[in-house]
Amino acid sequence: MRITPSLLNADFANLAGEAARIPTADYLHMDVMDNHFVPNLTLGVPVIEALAKAAPQPIDAHLMIEEPDRWAPQFVEAGASSVTFHVEAAQAPVRLAREIRAQGARASMALKPATPIEPYEDLLPELDMVLIMTVEPGFGGQRFLDLCLPKIRRTRALLDKVGGDIWLQVDGGVSLETIERCAEAGADTFVAGSAVFGADDPGAMVERLRETAVGACH
Ligand code: DX5
Ligand code: ZN
């Protein structure tokens, strides 16, 4: 069970300091938005590059952008250990995943809530992680969409069939209240933004989320 907190709701003037408050986070989930793929604008390559140097945790870059084929390699060069592209935006997802892996990073593919997993079954072996969005991407603090749970279950079944060690990440509205449902459905990697950085002690919240997810699987 991995907890990968989103820094979208953290203090952008002090990202390294915010990362230090969550020392046991498995990755720092960084939400890159371009105001085209989603109606919001956040950060890009230079911020990832600076944080990769300043924070001890590896970086999990979630690209909510058009033209990920063109941009993703630059995020690997900037120091991201895992790069997630949206399949709705990718021109050539197989080539892109291979390129990310060839550069030495983990390749991950994200699906918006209305995008089915089944058409992508054959390309799962090209990936290190699948990200199932549990809100419409674009903003932190939205309500978890229960309608995504069956897709998490179906994705888990496909990943088990493919074998290997492909992680299944959920992102959007994950909290102490919703993380059990995600874990029971088969997720093993959890993004939480407002739940972590809205807590008095973000570091303790990371541990509580992890314990709750682990507890759901027993
Ligand atoms: C949404 C982002 C998420 C989000 C998480 O588009 O991809 O990472 O900020 O924030 P919460 O946990 O508040 O939904
Ligand atoms: Zn995200």
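Residues numbered from 1 in each chain as written. Chains lettered and ligands numbered in written order. Predicted model: local features only at pLDDT ≥ 70, side-chain atom pairs only at ≥ 80, totals over all residues. Heavy atoms only, no water.

### Some words on the overall build of the protein
Rules: A run of H or I in DSSP counts as a helix once it spans at least four residues, and a run of E counts as a strand once it spans at least two, with each numbered from the N terminus. Each radius of gyration reported is based on C-alpha atoms, and the globular scaling rule is 2.2 Å times the count of residues to the power 0.38. Only protein chains enter the accessibility calculation, which uses a 1.4 Å probe; a residue is then buried when its area is under 20% of its type maximum, exposed when over 50%, and partly exposed in between. Here, residues are in contact when the closest pair of their heavy atoms is within 4.5 Å.
Along the backbone of the protein there are eight helices and eight strands. Relative to a compact globule of 218 residues, whose C-alpha radius of gyration would be 17 Å, the protein shows 16 Å and is just as compact. Projected onto its principal axes, the C-alpha coordinates of the protein cover approximately 45 × 40 × 30 Å. Of all 218 residues assigned to the protein, the portion counted as buried reaches 57%. Residue pairs in contact within the protein that sit at least 24 positions apart in sequence constitute 62% of those at least 6 positions apart.

### Things to note about unusual backbone geometry
Backbone geometry at N35 places phi at a positive 65°, although glycine is not the residue there. Its location among the elements puts N35 in the loop between β2 (28-33) and α2 (45-54). The exposure class of N35 is partly exposed, given its relative accessible area of 44%. One non-glycine residue with positive phi stands out, namely E67, at about 55°. Position of E67 among the secondary structure elements: in the loop between β3 (59-64) and α3 (68-77). A residue is classified by how much of its surface remains accessible, and E67, at 43% relative accessible area, is partly exposed.

### Observations concerning the packing of aromatic side chains
Definition in use: Note on ring pairs: Phe, Tyr and Trp rings are taken, using the six-membered ring of Trp, and paired if centres are within 6.5 Å. Classes follow the plane angle, with under 30 degrees stacked, over 60 edge-to-face and the rest tilted. Either the NZ atom of lysine or the CZ atom of arginine qualifies as a charge over a ring when it sits within 6 Å of the ring centre and within 35 degrees of the ring normal.
Using the criterion set out here, one finds one aromatic pair in the structure. The ring of W167 carries the charged tip of R2 above its face, separated from the ring centre by 3.6 Å. For the cation-ring pair, K112 lies above F37, with the distance from its terminal atom to the ring centre recorded as 5.1 Å.

### As for the coordination of the zinc ion (ligand 2)
For a metal with four tetrahedral donors the ideal donor-metal-donor angle is 109.5 degrees, whereas six octahedral donors ideally subtend 90 or 180 degrees. The criterion, for reference: Distances decide who is a donor: an N, O or S atom must be within 2.8 Å of the metal, or within 3.2 Å for Na, K and Ca. Water is not included, so sites may look incomplete.
Those protein atoms acting as donors to the zinc ion (ligand 2) are H29 (NE2), D31 (OD), H62 (ND1) and D171 (OD), and they sit at 2.1 to 2.3 Å. Along the chain, the residues donating to the zinc ion (ligand 2) fall in the pattern H-x1-D-x30-H-x108-D. With H29 in strand β2 and H62 in strand β3, this residue pair connects regions lying 33 residues apart in the sequence. By relative accessible area, H62 is classed as buried at 0%.

### Some thoughts on the pattern of salt bridges
Two side chains with opposite charge may pair up if their charged atoms get near one another. Applicable threshold: We count a salt bridge whenever a side-chain nitrogen from Lys or Arg sits within 4 Å of a carboxyl oxygen from Asp or Glu.
What the rule picks out here adds up to 14 salt bridges. Here D188 makes a salt bridge to R2, at a shortest N to O gap of 3.3 Å. In this pair, D188 sits in the loop between α6 (179-185) and β8 (189-191) while R2 sits in strand β1 (residues 2-3), placing the two residues 186 residues apart along the sequence. The same class applies to D188 and to R2, which are both buried. Ionic pairing is found between E177 and R181, a salt bridge with its closest N-O pair at 2.8 Å.

### A short note on the UniProt feature "binding site: substrate" (unreviewed entry) in the protein
Where we set the bar: UniProt positions are given in the numbering used here, feature names are shortened, and annotations may be inferred rather than shown by experiment.
Here the UniProt-annotated "binding site: substrate" (unreviewed entry) positions come out as S6, H62, G138, F139, G140, G141, D171, G172, G173, G193 and S194. Once residues lying within four places of it in the same chain are set aside, the contact partners of H62 are H29, M30, D31, V32, T84, H86, A110, L131, M133 and D171. Residue placement: G172 occurs in the loop between β7 (167-171) and α6. Given a relative accessible area of 8%, G172 falls into the buried group. Beyond its immediate sequence surroundings of up to four residues, G172 is in contact with T134, V135 and F144.

### Topic: the pairing of β2
For clarity, the threshold we go by: Strand pairing requires that DSSP identify at least two bridges connecting the strands. We call a crossover right-handed when, viewed with the strands running away from us, the connection from the first strand over the helix to the second turns clockwise.
Burial of β2 is extensive: six of the six residues sit out of reach of the surface. Of the two faces of β2, the one carrying L28, M30 and V32 and the one carrying H29, D31 and M33 are both buried. Summarising the sheet, β2 and β3 pair through six bridges and their orientation is parallel. Within β3, the residue paired with D31 across the bridge is H62. Since β2 and β3 lie parallel, the crossover through α2 that links them has a hand, and here it is right-handed.

### Quick word on the site of ligand 1
Basically, it comes down to this: If even one non-hydrogen atom of a residue comes within 4 Å of a molecule or strand, that residue is called near it. Nitrogen and oxygen atoms within 3.5 Å of one another constitute a polar contact, given that in protein one can donate a hydrogen and the other can accept it, and given that sequence-neighbouring residues count only through two side-chain atoms. Amino acids outside the nonpolar list (Ala, Val, Leu, Ile, Met, Phe, Trp, Tyr, Cys, Pro) and the charged list (Asp, Glu, Lys, Arg) are all regarded as polar, and Gly is one of them.
In the neighbourhood of ligand 1, 20 residues make up the surrounding shell, with G138, G141, D171, G193 and S194 lying closest. Within the contact set of ligand 1, an oxygen atom lies 2.7 Å away from a backbone nitrogen or oxygen of G138. When contributions to the shell around ligand 1 are tallied by element, the ones reaching two or more residues are β2 and β3. Tallying contributions element by element places β2 first for the shell around ligand 1, with three residues. Residues that form the shell around ligand 1 fall into these classes: eight nonpolar, 10 polar and two charged.

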